[in-house]
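Observations on the three-dimensional arrangement
Below, each chain spelled out in residue letters.
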Amino acid sequence: MEPRTVQFSRTKLTELMIPSFANFGGKVHGGLILSLMDKVAYAAASKHAGTYCVTVTVDGVEFLQPVEVGELLTLDAAVHYVGNSSLVVGIKVTSENVKTNMVKHTNNSYFTMVAKGDDGKPAQVPELVLEDINEMRRFADAIKRMEVKKEANAKIQKEQGEFIPVDDMELLSNHRCKIEFKLDDDFNDLFSDT
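Our subject in this report is the structure included herewith. (Residues numbered from 1 in each chain as written. Predicted model: local features only at pLDDT ≥ 70, side-chain atom pairs only at ≥ 80, totals over all residues. Heavy atoms only, no water.)

1. Considerations on the sheet that holds strand β6 (residues 103-116)
- Taken in spatial order, the five strands line up as β2-β4-β5-β6-β3 in an open sheet, and their pairing is antiparallel. Of all the strands in the sheet, just β2 (11-16) and β3 (52-59) have a single pairing partner and so form its edges. Taking the axes of each pair of neighbouring strands and ignoring which way they run, one obtains an average angle of 30° across the sheet.
- Bridge count for strand β4 (residues 72-82) against strand β5 (residues 86-96) is 10 bridges, and the pairing is antiparallel. What sits directly across from leucine 73, in β5, is serine 95.
- Sitting on the sheet, helix α3 (residues 133-160) touches β3, β4, β5 and β6, and the angle it makes with β4 is about 80°. (Pairing = 2+ DSSP bridges. Helix = DSSP H or I, 4+ residues; strand = E, 2+ residues; numbered from the N terminus. Axes fitted to C-alpha atoms, helices over the stretch in contact; angles between N-to-C directions. Contact = heavy atoms within 4.5 Å.)

2. Brief notes about the pairing of β4
- In terms of burial, β4 is largely enclosed, as nine of its 11 residues are buried.
- By the bridge criterion, six bridges tie β2 to β4 in an arrangement that is antiparallel. Bridge pairing in β4 links lysine 12 to aspartate 76.
- Counting the residues between successive antiparallel strands, the hairpin from β4 to β5 contains three residues. (Buried < 20%, exposed > 50% of the residue type's maximum accessible area, 1.4 Å probe, protein only.)

The structure is reproduced here in structure tokens:
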């Protein structure tokens, strides 16, 4: 399997934002932008893998600025990392006002994709050739994001199963929630001084 460069996977998608894409606030609906991001991530991953790819996770979607109807939305995607059958596709989204030619960065995101063979099972992908320091940094950043995410997920899984009423009541008291059910006597005994 021949290694492929980051440039080989680079994919750009540009689409005019039309009135039917608007949400109730008159801006382009975030769900539509996510759908376009998924499409461009699939294209970049499949180009690199040479096979069908599916979306596994989406990380780092933060809408920095609204996209207006009438703007050209450009999604620039490339493979940043490859594992055995997985690929991380980085996507940069910008929008351009066609009247003023002002371009604004609206968001970045990272889609983790898995290559699938004809049998529907994960398929090995070509190695990624890193040709400059930025490509090397992005590959390393993807590894770091995966490690942080794995640690965070493990911590959340552990803590989800460990409901500690006294600690969790204190945690809840600092947030905007209201308990509207009767706490049983066993629970109240935890707070008594006797």
